[in-house]
Amino acid sequence: MPGCCRRLALRAGGSLKPWLSRRQFTALFTVLPTLMLLGMWVAPSAAAASDSTCDTDTLVSARVEAEARIDHDARTYAKVSTTVKLTLPMSWDLAGGLLLGKESDGYRKAMRCLVRGDFDGVETRWEEWRSAEPEVIPTHDPSGQGSSRGKWLQVRVVAHTWLDQQADLSVGPWTIETGKARWLIRLRPPSTLEGALWRKVTVDAGRQGAVSAVPKPSAGEGGSVLVWRPAAAEGVPTITVRVEPAWPRDLAARDDSPPHAALDEAGGVLWNVTLVVFVWYALIALPRHGVPDALEQRTVANLRHWVRVLLGVTLVVRGHDVYLGSVGTFEATDEWPERAVHAPWAWLVSAMSGALLLLFARPPRAVVLVGSGLGAGAAVPALGAIVLPRTLGIDPTRFIVPPDPGAGAVAAVGVATVCSFLLPLLGGALSVRRLLVEGGLWRPRHPRPRPAPGMCGVLAVVTVIGACYAAASERDWTRASWLSPRLDPGHWAEEADTGARAWEWGYGSWHSASLRGDLLWFTHTGHWWWVAMLWIPSGLAILAVLRSRVAGSADTPLARRGPQGVDRLLLLLLFPVMATMEPGVYAASSALAWCWFLLYFLALTALLRLTRSRAVAVRPLGSGESLATSLCASHRAGLLHRARRYRELHAQLRSLEQDPSEEAIGARRALESSLRRLHRWHTAPGRRDRLPRDVSVVDAALALGPCPTWWGNGSRAARLTQPIALPFSMTLVWTNQLRGESLTSTLHDRFGLVEVLTQLVLWQIGYAAAGFLLGALWQDLPGRRGPSKAIPLAVAYAAPIGLFALGNWALDEEQTSLAFAAAAILLILTLTGVMMDLETFGGERPYWRSRLSLLRSIYQIRYISIQMAWILAQAAAIATILQYLADNGGMPPPFTGIAR
């Protein structure tokens, strides 16, 4: 009921009733509801008709210029940018609305008439993006006949879209039809501008150029720019331009269509399957190496059970995504409400995955009861929506369109969504806790998990994620519907074909339907977030096995203390699982993403094999026996003492270099004799021997590392990387998610804000794993000093990135922040190596004024100058990359499950 009628009814009922007769009163209140219902029938229709009417007669004198530009270069998805410049008179009835605030209904209506034309109801363009708000400025008469400034307005509207769907995409006055191997660009301006004077129309087809253009363009610019200058009598031109894109851009535009969507999802399945195959091979080889103790038996059993759970979760969740991709669920279509029947299956998939994770975690009985309740809360509404959708009132196809399905249906979907998201998070958190505690990686105050704190923590995480998700959903709806009338309550519309009248729902109804759609697809969208982090418990399970197998080996020779055999295989697996980044995908498809796992593993394995002979620990002694067989942790105190004595003698020797006296010459000879005695060595059986000629006792001490075991060295290096890596992690998050148009994607992606913090934590975990590998492989890495030991790991890290960058260059796709990531890992590991060398001689720290003084003593003058120059060169390279890092233009936000 309109507000005026409501006030009239209240006033009549309150003031007329006391002095009207009973017959008059009955007649009045019999007629009044009829009038009110008639008002409800007529008023919205009249209001809508008035709201949709644009004064097109005055716009005949408007001048229009339109431009469309396709950018193919250095992008995965081609980007179409459009600009429309209008010059219109202030005599237009709605021109004053353009000067109002951008959230006012007058401004929205005037802009809607100029950009979309006459239309009723709500219109959303999910594919259209605006990098800036429309510009409205006063200008002169474009004909030059008048000179009064302020009687004309110039409006400039810019928009863009990514060609990431095989569909008809509308952006500005243009429509792009992305078919197979050909794109059609059509000019379809709003009806309000058909009578205006179109002064210039430009289409820049990009470096690919246009295959055909109808009608024939008036001129061309730069080889790929087509220009039309219609005559005043021609009106709006009918322009169609055909473009044949490069095959990578063509495939990327079809990545949501089968079979490409199914192959894309299959790549994630194959990555985890590859990991499971490698780990299972290691598990088969593990029993051949001695008799395991209780700790090792427990960690090996945990690893075996975990890979089974990982495989099960992968097949359930990723398999469901493969199916959805194969049936075209992610395609843009007019039948998008019918695709909602797939959404409740995500609740069952999450419930099954959460049950597997919770089963592995072996929580206390109270948590099991909570998990059972969550599973029932997810499964019961899912079965109801799948088996009896209309009987139980949870019909997905009707849930995401007006009218409101009712509070009961919304509550049921909300309960299923929360439960289906809580259960896998709870199971995953408890699984990580079990791997940490039972593997000896963490000693909590309470050995058994306490239900209350765990549930509170998971609920807090879900609450934050839900708030960010809702904010992004609201922001995305506002963007897509920015020109729709906010005060439209709905109206009756007449169908052109049949003449039948149908009720068109208004802005509020469609707004609620959009929010309900995001709620329905929340669980499916969340799969892409939490499943992608299962590499963390996978890496922890491997670390727990390594931790158990290194216990009690501190006094064995270095060759036996280092990771050998199957231990070495597990250690090398940590490199692709935890330490490296996925470089990216080609043509927007993850079908070959599993290949990066193999490339990283092979790169590190090959580099270690090629450089092993350059390691100090494997250098032969005078008798031919390797230094590693006689270098034990029990030698540590004596070795550090001799290394300090060696540095003191060298310092005294340098002080005598400029003294030509016979006394100084004799002193030098005595010092040289002392230095030669420091090269004497005793092998493991006790035989006398000598260090290699070019290996000093300082080199031998640095080869031992700061800790007695390779596990201790790895743990120490992992801790040292954290403060060093934090600025680089923050820079990568800023570059990838908070810079340029990437920020737009982050703000509108449903999990974008959550990913900012998540990615920061994941980068830190990855750098910690890289530092652990540096310390664990300390004796196998070449070079005498820590900075040189970092080079092989950094090369193995950068080699697949370089290969991917080469492929990007060949396919002309964006490089993003790959160069910075490759340079960052080298500098992080270099600084970590320097800190490891300082930690080796950490017992001498009280005797030096600063760490730099101690470092100068360890490295000597020549080495420290080289290392400092090497570090400064890396810092300069990173600064250069940051300074000239080009904006990659961002990427379309990931698909949220609702056809657009």
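Residues numbered from 1 in each chain as written. Predicted model: local features only at pLDDT ≥ 70, side-chain atom pairs only at ≥ 80, totals over all residues. Heavy atoms only, no water.

Please set out the overall build of the protein chain residue by residue, giving values where relevant.
Helices and strands together make up the secondary structure of the protein chain, namely 26 helices and 16 strands. Summarising the internal contacts of the protein chain: among those between residues at least 6 apart in sequence, 76% fall at separations of at least 24. Of the roughly 39,800 Å² of accessible surface on the protein chain, 60% is carried by carbon and sulfur atoms. (Helix = DSSP H or I, 4+ residues; strand = E, 2+ residues; numbered from the N terminus. Contact = heavy atoms within 4.5 Å. Areas by Shrake-Rupley, 256 points an atom, 1.4 Å probe, with all protein chains shown as cover.)

Mind laying out a positive patch on the surface, listing which residues take part and the relevant values?
Among the surface-exposed residues, R676, R677, R680, R688 and R690 lie close enough to one another that they form a single positively charged patch. Elements with a contribution of two residues or more to the positive patch: α19 (662-678) and β16 (688-690). As for its placement among the helices and strands, R676 is situated in helix α19. (Patch = residues over 30% accessible without salt bridge, like charges linked within 9 Å, V, L, I, M, F, W, Y side chains within 5 Å. Salt bridge = Lys/Arg side-chain N within 4 Å of Asp/Glu carboxyl O. Lys, Arg positive; Asp, Glu negative; His and termini not counted. Charge placed at Lys NZ, Arg CZ, Asp CG, Glu CD.)

Tell me about helix α23 (residues 752-776), and please be specific about residues and values.
For α23, built from 25 residues, the straight-helix expectation of 36 Å at 1.5 Å per residue is met to within 8% by its first-to-last C-alpha distance of 35 Å. With 19 of its 25 residues buried, α23 lies for the most part within the structure. (Expected span 1.5 Å × (residues − 1). Buried < 20%, exposed > 50% of the residue type's maximum accessible area, 1.4 Å probe, protein only.)

If you had to explain the environment of T832 to someone new, which residues and values would you point to?
The residue T832 is located in helix α25 (residues 818-840) in this model. Residues T832 and A718, spaced 114 residues apart in sequence, show a C-alpha to C-alpha distance of 8.7 Å. Discounting residues that sit within four places of it in the chain, T832 has contacts with A717, L720, T721, I724 and L774.

Report on the sheet that holds strand β1 (residues 63-71), specifying residues and quantitative values.
Read across the open sheet, the 7 strands follow the order β3-β4-β2-β1-β8-β11-β10; overall the sheet is mixed. Looking at strand neighbours, the two that pair on one side only are β3 (135-139) and β10 (219-221), the edges of this open sheet. Here the strands of the sheet are splayed against their neighbours by 15 degrees on average, with no regard to which way each runs. Sheet topology note: the β3/strand β4 (residues 152-162) ladder contains 5 bridges and is antiparallel. (Pairing = 2+ DSSP bridges. Axes fitted to C-alpha atoms, helices over the stretch in contact; angles between N-to-C directions.)

Please provide a residue-by-residue account of unusual backbone geometry, values included.
Cis geometry marks the peptide bond from V214 to P215, where omega comes out at -5 degrees. Within the secondary structure, P215 sits in the loop between β9 (212-214) and β10. P258 connects to P259 through a cis peptide bond whose omega is 0 degrees. Locating P259 in the fold gives a position in the loop between α4 (247-253) and α5 (260-285). For A74, which is not glycine, the phi torsion reads 55 degrees and is therefore positive. For A74, the location among the structural elements is in the loop between β1 and β2 (79-89).

How would you explain the packing of helix α14 (residues 535-550) against α23 if you had to name every residue and give the values?
Where α14 contacts α23, the axes come no closer than 12 Å and their chain directions differ by 25 degrees. Here α14 lies roughly parallel to α23, going by the angle between them. Crossing hand, α14 versus α23: left-handed. Residues W535, I536 and L543 of α14 touch α23, and the partners they reach there are L762, I765 and F772. In the contact of α14 with α23, the residues fall into 6 nonpolar, no polar and no charged. (Parallel < 35°, antiparallel > 145°, perpendicular 65-115°, else oblique. Left-handed = near helix turned anticlockwise from the far one by under 90°. Nonpolar A, V, L, I, M, F, W, Y, C, P; charged D, E, K, R; others polar.)

Give me the state of the cysteines: which residues, what numbers.
According to the stated counting rule, one finds 1 disulfide in the structure shown. At a sulfur-sulfur separation of 1.9 Å, the disulfide partner of C54 is C113. Between C54 and C113, the S-S dihedral sits near -80 degrees, and the bridge is therefore left-handed. Pair noted here: C54 is in the loop between α2 (22-52) and β1 and C113 is in helix α3 (residues 105-115), with a separation of 59 residues, a long-range link. Here C54 and C113 have matching classes, each one buried. (Disulfide = S-S within 2.5 Å.)

Please provide a residue-by-residue account of the pattern of salt bridges, values included.
Enumeration according to the criterion identifies 33 salt bridges in this entry. For K85, the salt bridge goes to E65, with nearest N and O atoms at 3.8 Å. Taken together, the positions of K85 in strand β2 and E65 in strand β1 put the pair 20 residues apart, joining distant regions of the chain. Two residues, R75 and D71, come together in a salt bridge whose shortest N-O distance is 3.1 Å.

Explain the environment of L592 residue by residue, including any values.
The residue L592 is located in the loop between α16 (566-579) and α17 (594-611) in this model. C-alpha of L592 to C-alpha of L270: the two residues are 322 residues apart in sequence and 8.6 Å apart in space.

Requested: an account of the confidence of the model for the protein chain, with residues and values cited.
Do not read the fine detail of predicted coordinates wherever pLDDT is low. Here the protein chain averages 84 in pLDDT, and 88% of its residues register 70 or above. Summarising per-element confidence for the protein chain, the mean pLDDT is lowest in helix α1 (residues 3-15) (32) and highest in helix α7 (residues 343-361) (96). Here residues 886-890 scores under 50 on pLDDT; set against residues more than four positions off or in separate chains, the count is 14 contacts. Counting interchain partners and residues more than four positions distant, the pLDDT-below-50 stretch residues 893-900 has 28 contacts. (pLDDT = per-residue confidence, 0-100.)

Tell me about α25, and please be specific about residues and values.
Between its first and last C-alpha, α25 extends 33 Å over 23 residues, near the 33 Å set by a 1.5 Å rise per residue. In terms of burial, α25 is largely enclosed, as 19 of its 23 residues are buried.

Account for the packing of α16 against α23, naming residues and giving values.
In the contact formed by α16 and α23, the axes pass within 9 Å of each other and the chain directions differ by 160 degrees. When the axes of α16 and α23 are compared, the pair comes out roughly antiparallel. The hand of the α16/α23 crossing is left-handed. Of the residues in α23, those touching α16 at L571, L574, F575, M578 and A579 are I765, G766, A769, A770, F772, L773 and A776. Partitioned by chemical class, the residues of the contact of α16 with α23 number 11 nonpolar, 1 polar and no charged.

I'd like to hear about the sheet that holds strand β7 (residues 182-187), residue by residue, with values.
Strand order in the open sheet formed by 5 strands is β5-β6-β7-β12-β9, and the pairing between neighbours is antiparallel. Every interior strand has two partners, whereas the edge strands, β5 (168-171) and β9, have only one. Taken over all neighbouring pairs, the strand axes of this sheet differ in orientation by 15 degrees on average, direction set aside. Examined bridge by bridge, strand β6 (residues 174-179) and β7 share 6 bridges and lie antiparallel to one another. If you follow T175 over to β7, its bridge partner there is R186.

How would you summarise the packing of aromatic side chains if you had to cite specific residues and measurements?
As enumerated under the stated definition, the model contains 25 aromatic pairs in all. Centroid distance W477 to Y507: 5.7 Å. Interplanar angle 50 degrees. Geometry classified as tilted. Linking W477 in helix α11 (residues 451-480) with Y507 in helix α12 (residues 507-520), this pair joins segments that are 30 residues apart in sequence. In terms of burial, W477 and Y507 fall into one category: buried. Through successive ring pairs, a cluster of aromatic residues spans F421, Y469, F522, W529 and F751. A cation sits over an aromatic face here: R434 above F360, 4.5 Å from the ring centre. The positively charged end of K789 is found above the aromatic ring belonging to W778, 5.3 Å away from the centroid. (Phe/Tyr/Trp six-rings, centres within 6.5 Å; stacked < 30°, edge-to-face > 60°. Lys NZ or Arg CZ within 6 Å of the ring centre and 35° of its normal.)

Any details on the pairing of strand β11 (residues 225-228)? Residues and values, ideally.
Side-chain alternation along β11 places V225 and V227 on one buried face and L226 and W228 on a second face that is also buried. The pairing of strand β8 (residues 197-204) with β11 spans 4 bridges and is antiparallel. Bridge assignment links V203 to a residue of β11, and that residue is L226. Alignment of β10 against β11, held across 3 bridges, turns out to be antiparallel. Following the sheet pairing, A219 is matched in β11 by V227.

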